[in-house]
Structures are given as structure tokens and as C-alpha cells.
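Take a look at the letters that make up each chain.
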Amino acid sequence: MLGIEGVRKRFGPVEALAGCSFSLERGRMLGFLGPNGAGKTTAMRGIFGLVELDGGDVLWDGRPVGEEERLRFGYMPEERGLYPRMRVAEQLAYFGRLHGLEADTARAAAFDWLQRLGLADRADAKVEELSHGNQQRAQLAAALVHTPDLLVLDEPFAGLDPVAVRTLADVLRDEAARGAAVLFSSHQLDLVEEICEEVVIIDHGSIVAEGELDALRRASARRRIALQLEGAPSDWLPDVAGVELLARRNGTLRLAVGRDVDPKHVLAAAERVASVVEFRYGPPTLDELFLELVAR
Amino acid sequence: MNGRRATTLVASREIRERLRSKAFIASTVLILALLGVSALLVRLVDPQETYRVAVTAPAPTGLAGALERAAQPFDDAKVRLRTVESAAAGRRLLEERGVDALLLLSADKLVFRQNVDVKAAAVADAAVRALRNELPPTPALTTATLHPPEHEPGDAAVLVAYAGSLLLFMSLAFYGQWVISGVVEEKNNRVVEVILSAVRPRDLLAGKVIGIGLLGFAQLALIAGLAAGMLVAGVFDAPAGLGVDIALVIPWFVLGFALYAVAYAVAGALASSQQNSETAGQPVTYALLAVYFAGYVALASDPEGLLASLLTVFPLTAPLVLPARGALVGVPLWQHLLAAVLVLAAIYALVRFAGRVYALGLLHGGSGLGLRAAWRIARAD
């Protein structure tokens, strides 16, 4: 289990991490969310000792993370980088060996991953000869080649086409199913909502929400109502206290209400002026929750 | 993973990738070709030697012919014989540099001005024997000089000293450039983040320096081996004993490389992302250039002076100055030992410093980390 406990980091006047704590079990997938500059990358680099933390602890199974532990971790940094003139398969095997694999195992693992990511025919190509998308895949394979216990990926979905997004999502799910702890940051919240059980939302260096995604959504003080009406006046709003209009389009209204507002009152108000085609009530989506929590 | 394993992996990757690079193969072939061409040129332009020998009248008949024949095995050298009235006249002529040697047959003596020319002596000896129908091993002639011989460095020693230090300087700068370009490449394309997530910075640094050092050493050894082969084959003239001076260059290449390669690596780690490896390495290259010229000036003016002695033991200059001074005038053993101890201490200090700032510099993108900032951080640790 990964344990981040009260980590702090200051860059001059900027407090990048102001005492963050969260944890991640093996076999779980955690979406690490936050606006740009919130401290996500600093926290991830802190796990690998790539920034010297001012305070706090990074633990693996309760013990401070050191060189030995990091060999069992895989990292895909935000700024991608491989040796451009080195052959793909050799490079993956090299990273495998740096993580402690024997030469044969490393070579076999490199070919397995190339096969799995559809790069087998490019094994002997230099990295610089690969397309952008294929370089991304090679980078992913470099983080996975040694079958890590903890996988940390900084914006792995950025810049991928929808097919590649699907492949990567499948790979991450498989890694978690194998028993790896998977931590990744992303701005694609709909995707996070689809594949993650847990999220951590960080803002200004502090954790603003942490836990099971569904529980976090339900814990929100607000609820969402989607209402499709026929024959309502174009500027109609339900006359119920605590209702806020989020959007109105083609007769569909999206409303935000407090958790204590009874949705039946909204439905009743709507039925008084028009016929209701659709009425949905529920907790906010991750996207909405995110905006609520990090509103500036 | 233990550090040695990581260092070995990094070093072997450096060697493998560089052996494959066209630049490495091309540079090796080019240097070997240059060496071959220079050997050819030496053969072509090597002037025929002519020994001018004076002999007291009356010269025995057949002496001139015997000298000619005796000189033939020595690269077709020529001998010009002059007859002088008396031994005194001969000595005067020798003093005035009118001849190179004076043959006093009555005394079985060959007199030189100051230094005995071994070849000329051998030629004269063989000729006199032939004339007298004597057989070796008794030497027919003894040699003497007008003045006590001076211990001036011979031409070959001067060549070894200056060419050797130039070669050392160039190879330190050349292989240092490999180190820095490797470091800057890793830093600029960010692959270093992935590596440092698994490998300690000092192991990465050590692997890089050792890998490139071994490769440079192998390349130099190939060149030195070929040069030695050419010496043995007699392509170049070289006196005996020069081998020790040449051999001295090797340990000092290793020490000098360790010192300057680490400095280059630190310069690369501290470079900004806009800098290329050439500009990032300039401070170290300039330092190396200054060291080279300081050594050159000190040795050319007075190889046994105070400045030359100081530069022999000063850690930054010792790798270049010591082998050159050794070839020129010899260096006392205590200075060898002092220089080695000081250089090793300097390497140790630099590696410790580098270990601290290397990771900071590598992971610090954008504007690059200045040496002063790096020093501050390293001291604060």
C-alpha cells in the first residue's frame, strides 16, 4: 500500500504541497485530479525522490520508500523522454534491467509489451523513427516492463487519440486487476469517472477531496436536476428556494439544488407549467464536483 | 539495486550505443588514417642524413669508400670526408661546426663536439674495421667529445612532451564533450526522469564517466598501439627509454579524464534547456585550454623552474604537465606521488560535489541551475 503522509514542498514563495496525505491499496486505481499548478506533478515526483520533499513521508507497506522500493515502482513522467537514437526493444529491456530484471527476463518482457501494445513490428526501430502515438506507447511500456507493484503515470491520456485512450484504459485496468496499485493524473474527468474507483482532488497544494468516487459524489452538499419540458415558457424557472440554473438548451434545463431541497417540489412546479418529458435527479458528476471543489 | 550493478548497466549502454554510432566509427577510422598518412609523409620527406667527418692527413686509401658502404644500412646515409692538416686543425673545424666528427686514426678515437652521435660512431667504427679487416667484437674506435655532453632534452623527448600533452589535452576535451553531450541529451529529452526514478544520480554519473572513459581509453590504446607498432617497425625514429615517457601518458589520461569528465558532467547537468552541449561545456573547455597553455609556457620557458614544478603537482594542471615535464627533464618521484595524491583528492572532492548537484541540476529544467546556486544547495546539505 502506498501511503502519502503530510508531504510538504515549497519552491521559493510557492507552496507546492502544503501537507498532503492520501493512500492507495494494491489492486486499486486512483485518479489524481487538480487544476494546473495544484501540486500533482510535485507529489508524484516526490514518490520517486525526484524532488526533495521539505517534510512528510512517502511509505510503501508502512515503510519509508527507498531505492529498493522504487525498483518495484514504474513511472511515466509528464514530460515524456526516451533515448531517441536507441532501438525500442533494447531500450525497454534496458529500463527493465535498471529495475533489477535479468537480461533474458528483461528482453522477454520488452517483447511482450511491444506485442501487447501493437509495436512488435517496430521493435528494432529507433525511438525517433516512431510516430508520436507510438512513442507514447513505448513510454508506457518503459514504465510497465518490470511488472511494477506501483504504477504512477502523469497525464498518461494527454494527446492520445480515442483508440489509444481505450487501449491505455484497458492496460491500466488490467494492471490493477493483476494487483498493482495504479495512480494517474488526468484532466479527462469523464474518463476518470469511468475507470477509477477512487479519486484524490488537490488544489493549491492541499487535498480537497479523497476517497471512493461514488461516496464523494453522494457527500456533495449539492444535487443535480436535468429537466426536459415541452411547452414551458422559454424563461421559466421553478419557483423553489435554493434552485440555481446551470444551463438551458432546447427545452432542457440543468439545475443545481441543495441536498436538502426535495426534488418533488421542483417536479411539481414543472408539471404546473408544462409536460415533463424527462426528469433526472442525482449527485453531481465528477466534473461538476471538481468545479465545486476547486472553484476559484 | 546495488550501485555497482546500475553503474555497470549505464556504462555498458554508453559503450554499446557509442560503438554503434557512425560518429565514433568515423572518428576512429579518421585518426588511424591520419596516423598512416603521417607515417607515409615522414618516409617521403625524411631527408637523407649526411655525416661530415674530418680525418688527419694522410687519409688511408679506401676510407671514403669504406665509410660510404658502412653508412648504407643506415637509411642510405651519406658520409662526406674531409682531410685536415693536423689534429689541432681538425678540432678547430669541429668547434666551428665545419664537421660533425673528427677521426683520429692514430689514437683510434672518434671525437664529437659535445654529444656522441651513436649512428655516426657506428658508421665510422664499421668503416675502420673494414679497412683493417678486423672483426667485432673489439671496438676499433673509442669516442670522445670536445666538451662535456649537455643533458639537453633530445628532439624525440621534446616531441613526446609537446605532442603528448597536446594529445592529452585534445582527448580530454574530446571525450569530455562526449560526456557532456550525453548528459545534456538525457536532461533535455527528459529521459533522465525515468532513469533517476530507479537509479541513484551518482551511479548514473559514474556509469557515464566510466563507460565513455573506457571507450576513449580503447580508442587511444588502438592509436597508441599502432604508433608503437610503427616505432618498432622503424617508421619513426625514437631513442630507447622514450617508451617509459609514453607509458606515463596512460595513467595520467585516466586521472585527467576522471577529473575533467566529472566536471563536464556537472556542467551538463547545470545547463539550461536552451543550451547545447558545446556552450554548456565551454567553462570546462576554457579551463582545460588555460591549463594546457599555462603548462606549455611554463615548460617552454624553464622546465625546471618553480612554475613548472608547481604546475606539476597542482591537481588541475598535473594530468597535462607532469607527463610532458617527465619526458623533458624528468620529475622526481616525490612529485609524482604528491601529484597523484592531490589529483585523487581533487577527484574525490569533485565526485562528492557532483553527486550532490548532479541530480539537482538534471531535474531542474528551464533556466538551468547556476554553479553558485548549485554550490549553495550542495553546502546546505
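Residues numbered from 1 in each chain as written. Chains lettered and ligands numbered in written order. Predicted model: local features only at pLDDT ≥ 70, side-chain atom pairs only at ≥ 80, totals over all residues. Heavy atoms only, no water.

Undergrad: Is there a simple way to explain the overall build of chain A in this structure?
TA: Across its full length, chain A carries 10 helices and 14 strands. Across its three principal directions, the C-alpha atoms of chain A cover 75 × 45 × 35 Å. Here chain A holds 296 residues, and the buried ones make up 50% of them. Here the analysis covers contacts within chain A between residues at least 6 apart in sequence; of these, 69% occur between residues at least 24 apart. Counting 35 positive and 47 negative side-chain charges, chain A places the centres of these two groups 1 Å from one another. (Helix = DSSP H or I, 4+ residues; strand = E, 2+ residues; numbered from the N terminus. Buried < 20%, exposed > 50% of the residue type's maximum accessible area, 1.4 Å probe, protein only. Contact = heavy atoms within 4.5 Å. Lys, Arg positive; Asp, Glu negative; His and termini not counted. Charge placed at Lys NZ, Arg CZ, Asp CG, Glu CD.)

Undergrad: Can you help me understand empty space enclosed by the protein in this one?
TA: The rolling of a water-molecule-sized probe over the atoms marks out the regions of remaining empty space. All names here are of chain A. Evaluated as defined, the whole model comprises 5 cavities of 30 Å³ or more. Quantified by volume, the largest cavity comes out at close to 100 Å³. Lining the largest cavity are Met76, Leu117, Gln136, Arg137, Leu140, Pro156, Leu160, Ala164, Thr167 and Leu168. Going through the elements one at a time, helix H5 (132–144) and helix H6 (162–178) are the ones with two or more residues in the lining of the largest cavity. (1 Å grid on protein atoms, 1.4 Å probe; cavity = no way out; pocket = protein on both sides within 12 Å on 5 of 7 lines; lining within 4 Å. Points joined across faces, edges and corners; volume = space filled by probe spheres on them.)

Undergrad: Would you mind showing me how to read the pairing of strand S6 (residues 73–76) of chain A here?
TA: Put simply, side chains in a regular strand alternate between the two faces of the sheet. Residue and element names in this part refer to chain A. Burial along S6 is two-sided: Phe73 and Tyr75 facing one way and Gly74 and Met76 facing the other are all buried. Both S6 and strand S7 (residues 150–153) contribute to a ladder of 4 bridges, which runs parallel. Considered in S7, the bridge of Phe73 is made with Leu150. (Pairing = 2+ DSSP bridges.)

Undergrad: Can you help me understand the side chain of Thr42 of chain A in this one?
TA: With respect to the secondary-structure elements, Thr42 of chain A resides in helix H1 (residues 40–47). Excluding anything up to four places from it in sequence, Thr42 of chain A contacts Lys9, Phe11, Ala16, Leu17 and Val51 of chain A.

Undergrad: Help me out: how do you make sense of the interface of chain A and chain B in this one?
TA: Contacts between the two partners involve 29 residues from chain A, matched on the other side by 23 residues from chain B. Our count for the chain A to chain B interface comes out at 7 salt bridges. As a salt-bridge pair, Glu185 of chain B and Arg85 of chain A come within 3.2 Å of each other at their nearest N and O atoms. Counting across the chain A and chain B interface gives 8 residue pairs in polar contact (both at pLDDT 80 or more). For the side of chain A that touches chain B, the elements supplying multiple residues, two or more each, are helix H2 (67–70) and helix H3 (88–98) of chain A. No other element matches H3 of chain A, which puts 5 residues into the side of chain A that touches chain B. (Salt bridge = Lys/Arg side-chain N within 4 Å of Asp/Glu carboxyl O. Polar contact = N/O pair within 3.5 Å; in protein donor to acceptor, adjacent residues only side chain to side chain.)

Undergrad: Looking at this structure, I do not really get the packing of helix H10 (residues 277–301) of chain B against helix H12 (residues 318–328) of chain B. What am I missing?
TA: When two helices pack together, their arrangement is given by the angle between the helix axes and by the axis-to-axis distance. Residue and element names in this part refer to chain B. As a packed pair, H10 and H12 sit with axes 9 Å apart at the nearest point and diverge in direction by 20 degrees. Put simply, H10 runs roughly parallel to H12. Both H10 and H12 take part in a crossing whose hand is right-handed. Seen from H10, the contacting residues are Leu288, Val291, Tyr292, Gly295 and Leu299; seen from H12, they are Leu320, Val321, Ala324, Arg325 and Leu328. Partitioning the contact of H10 with H12 into residue classes produces 8 nonpolar, 1 polar and 1 charged. (Axes fitted to C-alpha atoms, helices over the stretch in contact; angles between N-to-C directions. Parallel < 35°, antiparallel > 145°, perpendicular 65-115°, else oblique. Left-handed = near helix turned anticlockwise from the far one by under 90°. Nonpolar A, V, L, I, M, F, W, Y, C, P; charged D, E, K, R; others polar.)

Undergrad: Looking at this structure, I do not really get the sheet that holds strand S8 (residues 181–185) of chain A. What am I missing?
TA: Residue and element names in this part refer to chain A. Here 6 strands make up an open sheet; going across it, the order is S6-S7-S8-S3-S9-S10 and the pairing mixed. The open sheet terminates on both sides in strands that have one partner only, identified here as S6 and strand S10 (206–212). For this sheet the average axis-to-axis angle between neighbouring strands, irrespective of direction, equals 15 degrees. Bridge count between strand S3 (residues 29–33) and S8: 4 bridges; the pairing is parallel. What sits directly across from Met29, in S8, is Val182. Against the sheet, H6 engages S3, S7 and S8, with an angle of about 150 degrees to S8.

Undergrad: Would you take a moment to explain helix H9 (residues 263–273) of chain A for this structure?
TA: Each turn of an α-helix holds 3.6 residues, which means side chains three or four residues apart point in the same direction. Residue and element names in this part refer to chain A. All buried positions along H9 are accounted for by Pro263, Val266, Ala269 and Ala270. Viewed end-on, H9 has its buried residues packed into an arc of 125 degrees, placing them on one side of the element. Of the exposed residues in H9, those oriented more than 90 degrees away from the buried face are Lys264, Glu271 and Arg272. The secondary structure elements touched by the buried residues of H9 are strand S11 (222–230), strand S12 (243–249), strand S13 (252–258) and strand S14 (275–282). Among the residues of H9, the N-terminal cap falls to Asp262, whose side-chain oxygen and the backbone nitrogen of Lys264 are separated by 2.9 Å. (Arc of directions from axis to C-beta.)

Undergrad: Can you help me understand a nonpolar patch on the surface in this one?
TA: Where nonpolar side chains cluster on the molecular surface, the patch consists of Tyr286, Leu289, Phe293, Tyr296 and Val297 of chain B and spans about 490 Å² of accessible area. Inspection of the secondary structure puts Tyr286 of chain B in helix H10. (Patch = residues over 30% accessible without salt bridge, like charges linked within 9 Å, V, L, I, M, F, W, Y side chains within 5 Å. Areas by Shrake-Rupley, 256 points an atom, 1.4 Å probe, with all protein chains shown as cover.)

Undergrad: Quick question: what am I supposed to make of H1 of chain A here?
TA: Residues and elements named next belong to chain A. The buried count for H1 comes to 7 of 8 residues, which makes it a mostly enclosed element. Considered for burial, the residues of H1 that qualify are Lys40, Thr42, Ala43, Met44, Arg45, Gly46 and Ile47. Gly49, located one to two residues past H1, shows a positive phi value of around 70 degrees.

Undergrad: For this particular structure, what's the right way to read the environment of Phe169 of chain B?
TA: All names here are of chain B. By secondary structure assignment, the location of Phe169 is in helix H6 (residues 155–188). Note on Phe169: relative accessible area 10%, which makes it buried. Spatially, the C-alpha atom of Phe169 lies 8.9 Å from that of Val291, the residues being 122 residues apart in sequence. Among all residues touching Phe169, those that are not within four sequence positions of it are Leu288, Leu289, Tyr292 and Leu320.

Undergrad: Just checking my understanding: could you explain the side chain of Asp203 of chain B for this structure?
TA: Residues and elements named next belong to chain B. Along the chain, Asp203 turns up in helix H8 (residues 201–232). You can call Asp203 buried: its relative accessible area is 9%. In this structure, Asp203 is in contact with Gly3, Ala6 and Thr7, ignoring residues within four places of it in sequence.

Undergrad: Can you help me understand the nonpolar core in this one?
TA: The nonpolar side chains of a soluble globular protein tend to be buried with one another. One finds Ile47, Phe157 and Phe184 of chain A to be the most contacted residues of the largest nonpolar core, which totals 150 residues. If one sorts the elements of this core by residue count, helix H9 (residues 242–270) of chain B sits on top with 16 residues. With 23 residues, the next largest nonpolar core counts Ala66, Leu105, Leu110 and Ala120 of chain B among its residues. (Core = buried A, V, L, I, M, F, W, Y, C linked by side-chain atoms within 4.5 Å.)

Undergrad: Explain the packing of aromatic side chains to me, please; I cannot follow it from the model alone.
TA: Given two aromatic rings, one states the distance between the centres and the angle between the planes to describe the pair. Tallied over the full model, the rule gives 17 aromatic pairs over all chains. Relative to Phe184 of chain A, the ring of Phe157 of chain A has its centre 5.5 Å away and its plane inclined at 70 degrees; by these criteria the two rings are edge-to-face. Residue Phe157 of chain A is found in the loop between S7 and H6, and its partner Phe184 of chain A is found in strand S8; the two are separated by 27 residues along the sequence. Just as Phe157 of chain A is buried, Phe184 of chain A falls in that class too. By the ring-pair criterion, three or more aromatic residues cluster together here, those being Phe24, Phe174, Tyr175, Trp178, Phe217, Phe253 and Phe257 of chain B. The ring centre of Tyr83 of chain A lies 3.5 Å from the NZ or CZ of Arg13 of chain B, which sits over that ring. Lying over the aromatic face of Tyr94 of chain A, Arg13 of chain B brings its terminal NZ or CZ to 5.7 Å of the ring centre. (Phe/Tyr/Trp six-rings, centres within 6.5 Å; stacked < 30°, edge-to-face > 60°. Lys NZ or Arg CZ within 6 Å of the ring centre and 35° of its normal.)

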